[in-house]
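Examining the three-dimensional arrangement
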Amino acid sequence: MEILLAIMIGFLYAAGIYMIMRRSIVKLILGIVLLGNGVNLLIFLLGRITKGEPPIIPGTESVIEGLYADPIPQALILTAIVISFGLQSFAIILVKRAYKVLGTDDLDQLNTTDENS
Amino acid sequence: MLTAILLGFLFAIFLVFTGKFFRGKFAVISSLIPISLFAYFLSFISQISNGEIVTQKINWIPSFGVDLTFKLDGLSLLFALMITGVGSLVFLYTSAYLKGHKYLDRFYGYLSLFMAAMLGLVLSDNLMSMFIFWELTSISSFFLIGFNNDAKDSRKSALTALGITGIGGLLLLGGAVLLGYMTGTYEISEMLSQTDLIQSHPYYALAVILIFAAAFTKSAQFPFHFWLPGAMKAPTPVSTYLHSATMVKAGVYLLFRLSPVLGGSELWHTTLIVFGAITMLYSAIHILFRTDLKGILAYSTISALGILVFLIGIGTQAALIAAAVFIIVHALYKASLFLITGIIDHETKTRDITKLAGLRKVLMPVAIAGFIAALISGGVPPTLGFVGKDLIYEATLGSQYAIILTALAVITKILLFYGGFVAGVKPFTGKLPQKFEKIHMPSPLMWIPPLLMVILGLVFGLLPSLIESAFAKPITQVMFENPENFQLKLWHGFNTVLGLSAITIIIGTVMYFIIKPTYAKENFIQKLDFIAPKDLMLKGSTAFEKFGKLWTNFFQNGYLRDYVGIVVAVIIGLISFLLLPNFQLRLDYSSLEDVTVYEIAIILMMFAAIVFTVFTNSRLAAVASMGIVGFSFSLLFLFYSAPDLAMTQFSVDTLTVILFVLVLYKLPKYLKMTKRKSRMKHGALAVVFGSLMTLLVLSVLQEPKNNEITKYYAENAYKLAHGKNIVNVILVDFRGIDTMIEISVLIVAALGVFGLLKLRLRPKDKIK
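Everything quoted here is computed from the prediction, not taken from an experiment.

**A short note on the overall build of chain A**
- Summing up its helical and strand segments, chain A has three helices and zero strands in all.
- Moving toward the C terminus, one meets the helices and strands of chain A in the order α-α-α.
- Taken over the C-alpha atoms alone, chain A extends approximately 70 × 30 × 15 Å along its principal axes.
- Within chain A, buried positions represent 52% of all 117 residues.
- Contacts spanning at least 24 positions in sequence make up 52% of the contacts within chain A whose residues lie at least 6 apart.

Encoded structure:
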C-alpha cells in the first residue's frame, strides 16, 4: 500500500503544481488545495501507516502497549488541515471580491499595482 | 578639541531653524566660526613646534574599539589650519559671491558641516571615527556640488562624485577593519608600534590596496580622477574650498598618516610613485587643451595631487618635507586662483579663457593677486612656490631613479607653470574688449581674500623658517623616529636644483607666450574621450544598468506561473542533483499483497477525482470533484488509524465546498486562456516534479524511523496530561500554545472574510 500512496503523493503534487500555473485564480486556489492535500498525505505516510490501531489509550490502562499509529504526524496534519481551511476560505472570498472590483480573474492582468494598466 | 569639531555641526543644525533670518546680513557674521577656530588652532603652534602632541579621548563604543580619539600633531595642525584658514576666507567671500541667494543659509549649512567633518577627519586618531568623518565629507561634497539642483549637469556630477568617493569610503572601511583585525586596535598611534607585525601579515597587501583605493578615489588619482572636473559644477567657493584646498587632500592626508605604519615596502612605494606620476603628467597635459578657466584649474589641481602622491611614494624625508610644503603652496595659490576665477565669472559672466582679456584695467587688485598667484604656482622666486619647487626637485634627485623621476617632475612643473599663468595672468593682459568696459570692482569681501593668500605666499617665501618651525619640523617628527636636521631656505646657491628651476621657468614662460588655448584643441581632446576612464566607467555603469533590467525582467516578469515554474525547476534541479546519483530503489512489493479491495477503490476514486478536477471545463464539477478528493482523504485517514483526522477533514471539506459553491456563481466562467504549448510545458514540469516527490518518499520510507518522541508522548499522555486520546493530548496540552496561536490565525482569517463580505466601496474607489 505504501507504494500506491507514494505514487498518489506524486500525483497530487503534479496536479497541484499544474493548477497553480494556470491563469485563472479559481484554478490557482484549487491547485493550492490539491497541493496541501499532497503535503498532508506526505507527512502521514512518512510517519508510517498502521491499520486499525488508533493512538488511543484503552479503557482502564494508563500506557498504550503494542502496535499503535504514530500520533505526532496526526497532530501535525490536524493543525495543517485547519490552517489550510482558514487560508482557503479567505482566498475564496478575496478572489470573489477582487473579481467584483477589478472585473477579471486573469492573473496576467493582475500583475501590476497601477490602476490604469 | 571636541568642541571645536562640533561647532560646525552645531552651527549647521542651528541654521536649519534660523535659516530664514540668516539670509540677510548675518552671513558675514557666520565667518566668525571658522575665524575663531583658526585662531584656536593657531594658538597650538608654539606647543606643537616644541614637539608636543595634544590628545583628547572620548569613549564612544569601547567594546568595538571605536572611540573619538583626537590627536593634534604637526601633520594634523597643518591640515586644521588650512581647513579653518581657507574656510574663513571662503566664508567671507561667499557672503558677497552668493549675496541674496535663495538658499544661502543652506549653503552655509553644508559648508560648516563640511568644515566640521574635515576637521574631524584630520584630527581623528581612530581609523573608525576617521572613516565616519571621511564619509561625512563625501556627503557634504555631494550636496555642495549639486547645490544648483535645478541643473541636470550639477545633479549628475554630484552623483558621479558621490559614487566614486563613496566606493572609496567603503574600501577605507575595509582597510580599517583589516588593520584592526591585524593589530587588535583602531588607533593609528597604537598601530605604529606594530609595524613589523602588519607588514609581515598575509593580509598586508590587501590592506594596502584598500587604503590606496580609498586615497586615490578621494584625491582624484588616475583612473578615478574624472569626478573632480565634474565637481567644478559647484559654485566657485566650493571648488576653492573642497575640491582644491581641503577635501581632495584627504586622500593625501591618509597616505601621509599611514605611511609610518604601512610604508617601507616595495608595494607601497612603487604603486604610489607610478599612480602619482601618471596622474600628474596625464592631467598636466590636459591643461593644454582646456578653455574653461575652472577646467584648467581642475586639471592642475589633479596634477598637484598627483605630485603629492608621487612624493609620498618616494617617501624619503626630503620628499615628505617637499610634500608638506607643497600642500601649503598649493592651498595658497590654487585657492586664490579659484577665488579670482570666481570674481571674473561673477563680473563678466564667462569663464572662457579665449574671450577674457585686459581685465587689469577694471579689476586692478584682482589682477595683482592673479599675477602673484601665478608666480607662486610657477615657483618663481621669491615666493613660497620657489621653495616648494626646489624641495620637490631635491627629493626626486635624491631618490632611487633620480633621472626619470626628476624629468617627470620637471615636465609636470613646466605644464603647471603654464596653467598657472593662463589662469592667473592671461585674463588680465591684452586689450580690454568693449563689452567688459563697464565692469566694476566687486565687494572687498571678494577680492581681499585672494590677495591676502598670495601675500602670505610671498611672506612665507621670504621667511621660509616660519614654515619650517611651525610645520615642516613637527611633521618630520611625526613621520620619522629620528629625523635628520634640515633648514628651509629661499637661496641654496648655484646647484643642479637651481638649474632645473631656471629651465622650468624659462620653458614655462616661452610656452605661455607661444601656446594659446583654443577651441580646436579642446575639441581634439574630446574626440579621445571614448578611451578616457570617465567614459569607460560611465559606459560600464550604463551596461550594468541594462543588464540589471534584463535580469530583473527575466526573473521578475510579473507572471505568477513563471515564478512558480522557476521555483519548481530549481527544486527539481537540486533534488535530482542530491538524490539521484546514489539512488537505489528497493521496493518492498510484499506490502502490496495485503492491499484490500476498498483500499484500491479509494485510490482509484481519488485518482479519477483529481484528473477530473484538473481537466474539467465546468467550475462546479471541479469544486465537486475536489470535494470527492477530500472525502476520500477522510476515508483513508479512517482506515489508517486516524479517526480525528478523518473527522476534521470531513467537516473542513464540506465547509470549503459549500463556501465555494456559494461564491461560484459570482465568478467568471472557465476559459482556456493559456496556449497549448505552455500547457504542455507546465504539464511536463509538474509531472517531473511529482515523480521526483514519489521517488523521494520511497527513498525516505527505506530508512528506519526514529520513535523516541512518539514513545515519550505515548508514555506520558495519561500520566502527565490525563488524556486517553494521544493526538488530542498533544494538541491541547503538550503543544497547547501552538494550538492557541492557530486558533488566533483562524480568527484573523474569519475577520478578514467577514470584512471582505461586508465591505462596501464608495463609488470613487471603484475601478471602472
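And the narrative resumes.
**Observations concerning the overall build of chain B**
- Helix and strand counts for chain B come out as 33 helices and two strands.
- The principal-axis extent of the C-alpha atoms belonging to chain B is close to 115 × 65 × 50 Å.
- Relative to its 768 residues, chain B shows a buried fraction of 46%.

**Focus: the UniProt feature "transmembrane region" (unreviewed entry) in chain A**
- With numbering matched to this structure, UniProt assigns "transmembrane region" (unreviewed entry) to residues 6-21, 28-49 and 75-95 of chain A.
- Between the first and last C-alpha atoms of residues 75-95 of chain A the distance is 30 Å; the span itself is 100% helix and 0% strand.

**Focus on the packing of helix H17 (residues 317-348) of chain B against helix H18 (residues 364-378) of chain B**
Residue and element names in this part refer to chain B.
- Two elements in contact, H17 and H18, have axes separated by 9 Å at closest approach and are oriented at 145°. The element H17 and its partner H18 pack so that their crossing is left-handed. Contact with H17, carried on its side by Val-329, Leu-332, Tyr-333, Ser-336, Leu-337, Ile-340 and Ile-343, involves Val-366, Ala-369, Gly-370, Ala-373, Ile-376 and Ser-377 of H18 and no other residues of that element.
- Its residues assigned to classes, the contact of H17 with H18 shows 10 nonpolar, three polar and no charged.

**Quick look at the UniProt feature "domain: MrpA C-terminal/MbhD" (unreviewed entry) in chain B**
- What UniProt calls "domain: MrpA C-terminal/MbhD" (unreviewed entry) maps, in this numbering, to residues 604-669 of chain B.
- A helix fraction of 83% and a strand fraction of 0% characterise residues 604-669 of chain B, whose end C-alpha atoms lie 29 Å from each other.

**What about the interface of chain B and chain A?**
- The interface of chain B with chain A comprises 84 residues on the first partner and 76 residues on the second.
- For the side of chain B that touches chain A, the secondary-structure elements that each account for two or more residues are helix H26 (560-579), helix H27 (597-615), helix H28 (619-639), helix H29 (643-664), helix H30 (676-702), helix H31 (708-721), helix H32 (726-734) and helix H33 (736-758) of chain B.
- Here the residues of the side of chain B that touches chain A sort into 55 nonpolar, 17 polar and 12 charged.

**A look at the environment of Val-387 of chain B**
All names here are of chain B.
- The residue Val-387 is located in helix H19 (residues 384-397) in this model.
- Overall, the presence of 28 C-beta atoms within 10 Å leaves Val-387 in the buried class.
- Once residues lying within four places of it in the same chain are set aside, the contact partners of Val-387 are Val-325, Gly-461, Pro-464, Leu-488 and Leu-490.

**Topic: the confidence of the model for chain A**
- Here chain A shows a mean pLDDT of 86. Residues at 70 or above account for 94%.
- Summarising per-element confidence for chain A, the mean pLDDT is lowest in helix H3 (residues 71-102) of chain A (89) and highest in helix H1 (residues 2-20) of chain A (92).

**As for the nonpolar core**
- Judged by nonpolar contacts, the single largest core of 194 residues is most densely connected at Ile-211, Leu-308, Leu-311, Ala-322 and Val-325 of chain B.
- A total of 22 residues in this core trace back to one element, the largest contributor, which is H17 of chain B.
- Mapping this core onto the domain boundaries places at least three of its residues in each of domain 1 (1-263) and domain 2 (264-517) of chain B.
- Discounting chain neighbours no more than four positions away, the residues touching Ile-211 of chain B are Leu-172, Gly-175, Leu-254, Leu-258 and Leu-262 of chain B.
- Ala-6, Phe-11 and Ala-75 of chain A together with Phe-660 of chain B belong to the second-largest nonpolar core, a separate cluster that totals 70 residues.

**Some words on the UniProt feature "domain: NADH:quinone oxidoreductase/Mrp antiporter transmembrane" (unreviewed entry) in chain B**
- Feature annotation in UniProt places "domain: NADH:quinone oxidoreductase/Mrp antiporter transmembrane" (unreviewed entry) on residues 124-407 of chain B, given in this structure's numbering.
- Secondary structure content for residues 124-407 of chain B is 76% helix and 0% strand, and the end C-alpha separation is 37 Å.

**Considering unusual backbone geometry**
Residue and element names in this part refer to chain B.
- For the bond from Phe-222 to Pro-223, the omega torsion is 5°, close enough to zero to count as cis.
- Along the chain, Pro-223 falls in the loop between helix H11 (204-218) and helix H12 (227-231).
- Here the amide bond leading from Pro-381 into Pro-382 is cis, since omega sits at 5°, within 30 degrees of zero.
- One non-glycine residue, Ser-641, lies in the positive phi region at around 60°.
- Here Ser-641 shows up in the loop between H28 and H29.
- Judged by C-beta crowding, with 22 C-beta atoms within 10 Å, Ser-641 ranks as buried.
- The backbone of His-722 sits at a positive phi, close to 55°, despite the residue not being glycine.

**Considerations on the pairing of strand E1 (residues 54-61) of chain B**
Residues and elements named next belong to chain B.
- With six bridges connecting them, E1 and strand E2 (residues 66-72) associate as antiparallel partners. By the bridge assignment, Gln-56 is partnered in E2 with Phe-70.
- Hairpin connection of E1 to E2: four residues between the antiparallel strands, including Gly-65 at a positive phi of 75°.

**Structural notes on H19 of chain B**
- Spanning 14 residues, H19 of chain B covers 20 Å between terminal C-alpha atoms, matching the ideal 20 Å at 1.5 Å per step.
- Where burial is concerned, most of H19 of chain B is hidden: 13 out of the 14 residues are buried.

**Quick notes on the environment of Leu-15 of chain B**
- As for its placement among the helices and strands, Leu-15 of chain B is situated in helix H1 (residues 2-22).
- Remark: the alpha-carbon pair of Leu-15 of chain B and Met-1 of chain B, spanning 14 residues in sequence, is separated by 22 Å.

Reading the values: rules and limits
Residues numbered from 1 in each chain as written. Chains lettered and ligands numbered in written order. Predicted model: local features only at pLDDT ≥ 70, side-chain atom pairs only at ≥ 80, totals over all residues. Helix = DSSP H or I, 4+ residues; strand = E, 2+ residues; numbered from the N terminus. Buried ≥ 20, exposed ≤ 12 C-beta atoms within 10 Å, placed from the backbone. Contact = placed C-beta atoms within 7 Å. UniProt positions renumbered as here; feature names shortened; annotations may be inferred. Axes fitted to C-alpha atoms, helices over the stretch in contact; angles between N-to-C directions. Left-handed = near helix turned anticlockwise from the far one by under 90°. Nonpolar A, V, L, I, M, F, W, Y, C, P; charged D, E, K, R; others polar. pLDDT = per-residue confidence, 0-100. Core = buried A, V, L, I, M, F, W, Y, C linked by C-beta atoms within 7 Å. Domains from an automatic or database assignment. Pairing = 2+ DSSP bridges. Expected span 1.5 Å × (residues − 1).

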